[in-house]
Amino acid sequence: MKIIIYLAASANGLISNNRNVPDWLSPEYGAGFMAISQRTQAVIMGKTTYNILSPDYLPLKEGSLVVLTHDTNATPSQSNVLFTSDSPEKIVAALASKGHTEAVIIGGTQTVSAFMKAGLVNEIILVVEPVLFGSGLLFVDDADFEYQLALLDVKKLNNNTIQLHYEVKGKRI
Ligand SMILES: NC(=O)c1ccc[n+]([C@@H]2O[C@H](COP(=O)([O-])OP(=O)(O)OC[C@H]3O[C@@H](n4cnc5c(N)ncnc54)[C@H](OP(=O)(O)O)[C@@H]3O)[C@@H](O)[C@H]2O)c1
């Protein structure tokens with residue numbers, strides 16, 4: 001089971017600004033988001049990210065949309081949404097038992113951090129947008145780990161946006 005993180009970041013590595021308005025994201029980021037969701041048919045996100053995307057911008061009508069939340073009795077906006085408070089290990093095992101071979105984590109910081117801490121992430125795709133945020137959310141937070149990455153690919157997506165594709169190698173802490 002391959003777990004991939006797909007996120008947009010500012011040039012200084014933040015994944016949102018304090019206005020919390022996604023007006024800095026390029027169409028190329030959006031196209032990549034849809035493409036990887038369609039390819040994997042398994043998308044993992046936190047409840048805050050779900051609340052931003054639901055009901056109109058969730059990336060899959062079929063397949064698996066897994067949403068981390070402690071409020072597992074809430075009513076989802078569509079039938080393929082699963083609200084869960086399971087551990088990252090259990091979530092990955094459940095997706096594998098449904099026949100998925102890949103899943104993509106689309107945010108936000110808490111969710112990315114939980115899977116990185118668990119050592120379950122195989123690849124990271126970072127779309128670096130031409131903005132610099134003085135404050136905002138980090139890619140990962142509240143974690144002591146250190147990972148080595150291997151660069152698999154760099155793509156220029158438009159005049160200002162690049163995509164970095166990494167393989168996650170060993171975890172040091
Ligand atoms: N740049 C990008 O590509 C990108 C993509 C997506 C999102 N974002 C940004 O990321 C921000 C949201 O990030 P975030 O870190 O605040 O939130 P998040 O990870 O999307 O969601 C956090 C919520 O998920 C639930 N949760 C997290 N860990 C859990 C666990 N181990 N067990 C059970 N539930 C868990 C909790 O929900 P409950 O309170 O319901 O329990 C928590 O409040 C937004 O501002 C958004 O703009 C950026």
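From a predicted model like this one, the values you see are computed outputs, not experimental measurements.

Some words on the overall build of the protein chain
No. 1: For the protein chain, the count of helices and strands is 4 helices and 10 strands.
No. 2: Rg of the C-alpha trace for the protein chain: 15 Å, near the compact-globule value of 16 Å for 173 residues, within the 12% margin.
No. 3: Once the C-alpha set of the protein chain is aligned to its principal axes, its extents read approximately 40 × 35 × 30 Å.
No. 4: When burial is assessed residue by residue, the protein chain has 29% of its 173 residues classed as buried.

Section: the site of the ligand
No. 1: Taken together, 24 residues are adjacent to the ligand, and Gly46, Thr48, Thr49, Gly107 and Gly108 come closest.
No. 2: Elements with a contribution of two residues or more to the shell around the ligand: strand E1 (2-9), strand E2 (14-17), strand E3 (42-46), helix H2 (47-53) and helix H4 (109-117).
No. 3: A breakdown of the residues in the shell around the ligand according to their chemical character gives 9 nonpolar, 13 polar and 2 charged.

So, the sheet that holds E1
No. 1: A sheet is described by the order of its strands in space; here 8 strands give the open sequence E5-E4-E3-E6-E1-E7-E10-E9, paired in mixed fashion. At either margin of the open sheet sits one strand with a lone partner, and together these are strand E5 (81-84) and strand E9 (147-156). Each adjacent strand pair in this sheet contributes to an overall mean axis angle of 25 degrees, direction not counted.
No. 2: Relative to strand E4 (residues 64-68), E3 runs parallel, the two being bridged by 5 bridges. Residue pairing for E4: Ala42 is matched across the bridge by Ser64.

Some details on the UniProt feature "domain: Bacterial bifunctional deaminase-reductase C-terminal" (unreviewed entry) in the protein chain
No. 1: As recorded in UniProt, the sites labelled "domain: Bacterial bifunctional deaminase-reductase C-terminal" (unreviewed entry) are residues 2-161.
No. 2: End C-alpha atoms of residues 2-161 are separated by 26 Å, and the span's content is 25% helix alongside 31% strand.

Cut-off values and rules
- Residues take numbers from 1 onward in each chain, read along the sequence in its written order.
- For this predicted model, a pLDDT threshold of at least 70 governs which residues receive local features, and a threshold of 80 or more governs which side-chain atom pairs are given and counted, while totals over whole chains, interfaces and linings are taken from all residues.
- By the criteria applied, helices consist of DSSP H or I runs no shorter than four residues and strands consist of E runs no shorter than two, each listed in order from the N terminus.
- We compute the radius of gyration from the C-alpha atoms alone; for a globule the expected value is 2.2 Å times N to the 0.38, where N is the number of residues.
- Any residue with 12 or fewer other C-beta atoms within 10 Å of its own C-beta is exposed, any with 20 or more is buried, and the rest are partly exposed; the C-beta atoms used are placed from the backbone.
- Using a C-beta atom placed from the backbone for every residue, we mark a residue as near a molecule or strand if that atom lies within 6 Å of it.
- Charged means Asp, Glu, Lys or Arg here, nonpolar means Ala, Val, Leu, Ile, Met, Phe, Trp, Tyr, Cys or Pro, and polar covers whatever is left, Gly included.
- Strands qualify as paired when DSSP identifies two bridges or more between them.
- Axes here refer to lines fitted to C-alpha atoms; in helices the fit is confined to the stretch in contact. Angles between the N-to-C directions go from 0 to 180 degrees.
- UniProt positions are given in the numbering used here, feature names are shortened, and annotations may be inferred rather than shown by experiment.

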